[in-house]
Amino acid sequence: MPKLRYIYQTIEFDNIDIHVKTLKDKQQYDEKCDLNPTAGISSANWSLFGVIWPSARILATLMNNYNIKDKRILEVGCGIALSSLVLNHRNANITTTDFNPEVKKFLSENTRINYGKIIPFECANWANSDDTLGKFDLIIASDILYEQFHLENLSRFLNEHTNETCEIIIVDPGRGNHAKFSKMMVALGYEHSQSEPLDTEEYLDEPFNGQIIRYRKG
């Protein structure tokens, strides 16, 4: 059985250094998962949680200076949870969730190497309503609008976890699903806006053609 390969890197956000352990690349797969499979996760998509995507860098950069005072925050589809690590450094009230149970191992290790407090994590499926996450004032995510058949479940999941006043921020790389998803969110009573991220050439290797999408209620 081939061993998983990892890399360690340090990502700078102004005066903050965030250290992360990630998978070496998207070709990694832990064959031990075949013995305890998770529905919807295969060797083809298992590794997607374990690398840092451009959208995640943009969201983390945004969260480095975002107003977090008195906010309970949830990162959905967190993967390596770069934004949550930044927010944890800022002593935010941050909780994380992802579909892949392997995320918890990386979150624990990356929290440890950043000398941070434990970040709550719950493995949650958007199709179900049996999680114990509760409700939040700010929900953040990056690159989660990747399959059309996920959109209805995701809109319901997000709506179930918002307080009466809440903002949802999604950084989307432009996979073609955000217009349909935004219609769903507007139908649920949210105001919708979007903008291009600024100055991404300073920290991304390639141009980013996506958007920062915001939904607000209350």
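What you are looking at is a predicted structure, and each value in this text was computed from that prediction instead of being measured. (Residues numbered from 1 in each chain as written. Predicted model: local features only at pLDDT ≥ 70, side-chain atom pairs only at ≥ 80, totals over all residues. Heavy atoms only, no water.)

Further remarks concern unusual backbone geometry. Its identity as a non-glycine residue notwithstanding, Ala81 has a phi of 65°, on the positive side. By secondary structure assignment, the location of Ala81 is in the loop between strand 3 (72-76) and helix 2 (82-89). (Helix = DSSP H or I, 4+ residues; strand = E, 2+ residues; numbered from the N terminus.)

Next up on the list: helix 1 (residues 54-63). A large share of helix 1 lies buried, amounting to 7 of its 10 residues. Of the residues making up helix 1, those classed as buried are Ser55, Ala56, Arg57, Ile58, Leu59, Ala60 and Met63. Packed against the buried residues of helix 1 are strand 1 (6-13), strand 3, helix 2, strand 6 (136-142), strand 7 (162-172) and strand 9 (211-217). (Buried < 20%, exposed > 50% of the residue type's maximum accessible area, 1.4 Å probe, protein only. Contact = heavy atoms within 4.5 Å.)

It is worth spelling out the pattern of salt bridges at this point. Pairs can form between side chains of opposite charge whenever their charged atoms are close. What the rule picks out here adds up to 7 salt bridges. A salt bridge links Glu167 to Arg214; its shortest N-O distance comes to 3.5 Å. Of this pair, Glu167 sits in strand 7 while Arg214 sits in strand 9, and the two are 47 residues apart along the sequence. What makes Glu167 buried here is its relative accessible area of 11%. Through salt bridges with shared partners, a single ionic network connects Glu167, Arg214 and Arg216. (Salt bridge = Lys/Arg side-chain N within 4 Å of Asp/Glu carboxyl O.)

In terms of nonpolar packing, the biggest core is built from 42 residues, with Phe13, Ile18, Trp46, Met63, Leu87 and Ile169 touching the most fellow members. Beyond its immediate sequence surroundings of up to four residues, Ile18 is in contact with Gln9, Thr10, Ile11, Phe13, Leu82, Leu85, Val86, His89 and Asn114. Core analysis: the next-biggest nonpolar cluster, separate from the first, contains 22 residues, Ile139, Phe157, Ile168 and Tyr190 among them. (Core = buried A, V, L, I, M, F, W, Y, C linked by side-chain atoms within 4.5 Å.)

Moving on: the environment of Thr111. Mapped onto the secondary structure, Thr111 falls in helix 3 (residues 103-113). Sequence separation of Thr111 and Pro197 is 86 residues, and the distance between their C-alpha atoms is 27 Å. In this structure Thr111 touches Leu85, Asn88, Gly116, Lys117, Ile118 and Ile119, once residues within four positions along its chain are discounted. Among the polar contacts listed, one links the side chain of Thr111 to the backbone oxygen of Leu107, at a separation of 2.7 Å. (Polar contact = N/O pair within 3.5 Å; in protein donor to acceptor, adjacent residues only side chain to side chain.)

Any functional reading would require information that these geometric values do not contain.
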